Amino acid sequence: MTLAGEIDHIVDVAIVGAGPVGMVLALLLEQQGVSVALFNTELESRMHPKGSTQNARTMEHYRRLGLSGAIRALGLPPDYPTDVRYLTRLNGFELARLSMPSEREKQRSVAASDELDQFPEPILRANQMYVENLVFERAKNRPGIDFRRGWTVLDFDQDADFVRLTACPNEGQAERWRCQYLVGCDGARSMVRRGLGIAYSGFSKLDQAYFGGAMLATYLRAPTLHRTFLADRPAFQYWIVNAEMRTTLIALDGHAEFLMFTKLATPSAPVNPEAIVEQVQRSAGAPIPVELIDHSPWTAGVALVAERFGRGRVVLAGDAAHLFTPTGGFGMNTGIDDAANLSWKLAAAVKGWGGHDLLASYEIERKFIAERNTRAARDLARNVGDVAVTDQLEENTAQGAVERAAVGEFLQGFGEQFASVGVQLGARYDGSPIVASDEAAPAETYSQYIPTSIPGGRTPHVWLDAGRGSGSSLFDRLGPGFTLLRLGGTAVDDGSIAEAAKARRVPLTVLDVPSRAARDLYERDLVLVRSDQHVAWRGNAPPADAGRLIECVTGGSHPSRSRH
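Heads up: these notes are all about the structure in this document. (Residues numbered from 1 in each chain as written. Predicted model: local features only at pLDDT ≥ 70, side-chain atom pairs only at ≥ 80, totals over all residues. Heavy atoms only, no water.)

Here we come to the overall build of the protein. Scanning the protein from terminus to terminus reveals 15 helices and 24 strands. Against the compact-globule benchmark of 24 Å for 564 residues, the protein has a radius of gyration of 25 Å, which places it among compact chains. Projected onto its principal axes, the C-alpha coordinates of the protein cover approximately 75 × 60 × 35 Å. Scored against the burial criterion, the 564 residues of the protein give a buried share of 59%. Long-range contacts, defined here as pairs at least 24 residues apart, represent 74% of the contacts in the protein between residues at least 6 apart. Summing over all exposed atoms, the protein offers an accessible surface of approximately 21,600 Å²; the carbon and sulfur share of this is 50%. (Helix = DSSP H or I, 4+ residues; strand = E, 2+ residues; numbered from the N terminus. Rg over C-alpha atoms; globule rule 2.2 N^0.38 Å. Buried < 20%, exposed > 50% of the residue type's maximum accessible area, 1.4 Å probe, protein only. Contact = heavy atoms within 4.5 Å. Areas by Shrake-Rupley, 256 points an atom, 1.4 Å probe, with all protein chains shown as cover.)

This next bit is on the sheet that holds strand 21 (residues 482–487). A sheet is described by the order of its strands in space; here 4 strands give the open sequence 22-21-23-24, paired in mixed fashion. Sheet topology places strand 22 (508–513) and strand 24 (535–539) at the edges, where each strand pairs with a single neighbour. Sheet twist, expressed as the mean angle between neighbouring strand axes with direction ignored, is 20 degrees. By the bridge criterion, 6 bridges tie strand 21 to strand 22 in an arrangement that is parallel. Note on strand 22: the bridge partner recorded for L485 is L511. (Pairing = 2+ DSSP bridges. Axes fitted to C-alpha atoms, helices over the stretch in contact; angles between N-to-C directions.)

Attention now goes to the nonpolar core. One finds I15, L90, V183 and L225 to be the most contacted residues of the largest nonpolar core, which totals 125 residues. The element contributing the most residues to this core is helix 1 (residues 20–31), with 8 residues. Among residues more than four places away in sequence, those in contact with L90 are L225, F229, L230, Y238, I240, L249, S283 and A284. Listed in part, the 21 residues of the second largest apolar core include I497, A500, V506 and A546. (Core = buried A, V, L, I, M, F, W, Y, C linked by side-chain atoms within 4.5 Å.)

A separate point is the packing of aromatic side chains. By the definition in use, this model includes 9 aromatic pairs. For the ring pair F136 and F147, a centre distance of 5.1 Å and an interplane angle of 55 degrees mean the geometry is tilted. Of this pair, F136 sits in helix 5 (residues 128–139) while F147 sits in strand 7 (residues 145–149), and the two are 11 residues apart along the sequence. Note on accessibility: F136 and F147 belong to one class, buried. Note that R148 overlies the ring of W151, its terminal NZ or CZ placed 4.9 Å from the centroid. A cation over a ring is seen here: R404 above F93, with NZ or CZ 3.7 Å from the ring centre. (Phe/Tyr/Trp six-rings, centres within 6.5 Å; stacked < 30°, edge-to-face > 60°. Lys NZ or Arg CZ within 6 Å of the ring centre and 35° of its normal.)

Here we take up the sheet that holds strand 13 (residues 237–241). The strand order 5-4-13-14-15-12-16 describes an open sheet built from 7 strands, whose pairing is mixed. The sheet is open, and its two borders are formed by strand 5 (94–98) and strand 16 (291–300), each paired with just one other strand. For this sheet the average axis-to-axis angle between neighbouring strands, irrespective of direction, equals 15 degrees. One ladder, built from 9 bridges, connects strand 12 (residues 213–221) with strand 16; its direction is antiparallel. Looking at the pairing, M215 lines up with W298 of strand 16. Most of the contacts of helix 11 (residues 398–412) go to strand 5, to which it runs at about 20 degrees, and overall it touches strand 4 (84–87) and strand 5.

A word on the side chain of S190. Within the fold, S190 resides in the loop between strand 10 (175–184) and helix 6 (191–196). Look at S190 and you get buried, because its relative accessible area is 0%. Each residue touching S190, except ones within four places of it in the same chain, is listed here: L316 and A320.

As a further point, take the side chain of H322. Inspection of the secondary structure assignment puts H322 in strand 20 (residues 322–324). In this structure the side chain of H322 is engaged in a polar contact, spanning 2.6 Å, whose partner is the side chain of D338. Excluding residues that lie within four positions of it along the chain, H322 makes contacts with Y200, L304, V305, F309, G331, T334, G335, D338 and A370. (Polar contact = N/O pair within 3.5 Å; in protein donor to acceptor, adjacent residues only side chain to side chain.)

Let us now look at the pattern of salt bridges. Any two side chains of opposite charge can pair, on the condition that their charged atoms come close. Within the structure shown, the criterion is met by 44 salt bridges. Across the pair K345 and E365 runs a salt bridge, and its minimum N-O distance is 2.7 Å. Linking K345 in helix 9 (residues 331–351) with E365 in helix 10 (residues 360–384), this pair joins segments that are 20 residues apart in sequence. Note on E365: relative accessible area 1%, which makes it buried. (Salt bridge = Lys/Arg side-chain N within 4 Å of Asp/Glu carboxyl O.)

Attention now goes to helix 8 (residues 273–284). Its 12 residues give helix 8 an end-to-end C-alpha distance of 17 Å, which sits within 8% of 16 Å, the value for a rise of 1.5 Å per residue. The complete set of buried residues in helix 8 reads I276, V277, Q279, V280, S283 and A284. With its buried residues spanning 155 degrees around the axis, helix 8 presents them on a single face. On its buried face, helix 8 sits against strand 12, helix 7 (225–230), strand 13, strand 14 (246–251), strand 15 (257–263) and strand 16. Where helix 8 starts, the residue carrying a side-chain oxygen 3.0 Å from the main-chain nitrogen of E274 turns out to be N272. Positive backbone phi, approximately 85 degrees, marks G285, located one or two places after helix 8. (Expected span 1.5 Å × (residues − 1). Arc of directions from axis to C-beta.)

At a closest axis distance of 10 Å, the pairing of helix 1 and helix 5 adopts a crossing angle of 35 degrees. Of the two elements, helix 1 crosses helix 5, and the hand of that crossing is left-handed. Residues P20, M23 and L27 of helix 1 lie in contact with helix 5, whose contacting residues are Q128, E132, V135, F136, R138 and A139. Of the residues in the contact of helix 1 with helix 5, the class split is 6 nonpolar, 1 polar and 2 charged. (Left-handed = near helix turned anticlockwise from the far one by under 90°. Nonpolar A, V, L, I, M, F, W, Y, C, P; charged D, E, K, R; others polar.)

With respect to the element layout, A96 can be found in strand 5. Taking C-alpha positions, A96 is 9.6 Å from G413, a pair spaced 317 residues apart along the chain. Contact partners of A96, with chain neighbours within four places excluded, come to V84, R85, Y86, G408, L411 and Q412.

Turning our eyes to something else, we now look at the pairing of strand 23 (residues 526–529). On strand 23, burial covers both faces: L526 and L528 on one face and V527 and V529 on the other are all buried. Bridge analysis of strand 23 against strand 24 gives 4 bridges, and the strand direction is antiparallel. When the bridges of strand 24 are listed, L526 appears paired with G539. Taking the residues that link successive antiparallel strands as the turn, the strand 23-strand 24 hairpin has 5 residues, and the phi of Q533 there is positive, at about 75 degrees.

This part takes up helix 11. Between its terminal C-alpha atoms helix 11 stretches 21 Å, which fits the 21 Å expected from 15 residues at 1.5 Å a residue. Within helix 11, burial applies to G400, E403, R404, V407, G408 and L411. One face of helix 11 carries all of its buried residues, which in axial projection span an arc of 135 degrees. Exposed residues on helix 11 whose side chains face more than 90 degrees from its buried face are A398, V402, A405 and E409.

Right, here's the structure in full:
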């Protein structure tokens, strides 16, 4: 046991890695009164584009932190369409177009939505670098977060009671921390994961013509591209498909900045900037001016999940626990959902009301979702690689028109990779030891989300008043621990659940939802909701032993399986 005199700092939870997952986890923990030390090797947020999808579930988590409004102001202009276009070249033939609304159109839909609409926070197309910078600025100014920027965690060890770690600034002496829990959010090369001796399993690549194997991501500025070729039909993504090449261009600011994906023919060779510029110009079909800002190699088709999500008091989240191919935009979003699941469990453990098995449920619940989501991304990537074309695709001939029509029909079916609402909102924790239910789970698909209060899934959304802004959503009124919903003006006596929670110091909010429509959707009078917005239990009356129910959902023993 390390002596107290050898410790420089004591904190509840230490987080290694201040990417979006680590920062959101830190903010969620601080929101629940947990002290956090957050370590990041870089001094500032790195402005290199990554994923451009903040999915609907992630936006709901940002809403909890009061960040969704500011995040929606980032990236593309509000009236910019988020369409996806497939073209032979930017100045060539359009093969297919997937029409999708602008941010302003989405917000108008929210304002006009009905009481039981399930999208209080629609999917947002804003690049991760913009969002990460905004969250970075928020996290570094929070009083409950000791944000150590420019610090590297060198090592850690743990025993039954604490975790100790050593960290060093870029310039200065190493210092020692003691914490109750340590979370590795430190990416694909995670020092924390390697320190635990945990390996990935799954697929390390996908062999196909495009979006498989070695790829290059290039951050570039093309100041004339929009007004020369794209002003009449702007889009969020442009896919160049012809017999010579495949390229993807993603609009970042709606003006001059883009992220480009290209296949690397010789992965081990140094990147040739002139060749990248030529690729952009060949994609455009004209010698447009191009300024290269940055580039980074990556591997498409990856679908890797850590064999364990932690050991003892040390856990993993985000890329440290799972690696994705970017198709569908599931990677960072799965990590943010990790943070939502993990944060309340760590808070419960720190504050003493979490049961001895609560933290173990994190791996049980999230590893299954990581495997599901990596599989979904790989399936969509395989679809992208299946496009077959010939030289005639670009010819202005009858045969060229026939081939373009056939390819366009094939490409038109790719819309699911840009929606995947079942992946976004359909995560379920059926079979989890802290979900009090033996009801059969609903069928699941990547493309469909059916709201249900069957325990294990996301709590169905309800607007609680005529407004559609902050405070009007059911999600805005859930408590920091558990919330017991009383639906449809029920007169059921639920006091035993509240008393059982109080006896075990479990924070519980009781929320009346008198709407009959909401009661019909939920199908029960009482529904117990976790702070991550997943249903823990439902019934038409309290269980015979409310104490056993509370023990179950907080990581203790199982309640009886009787339902009302």
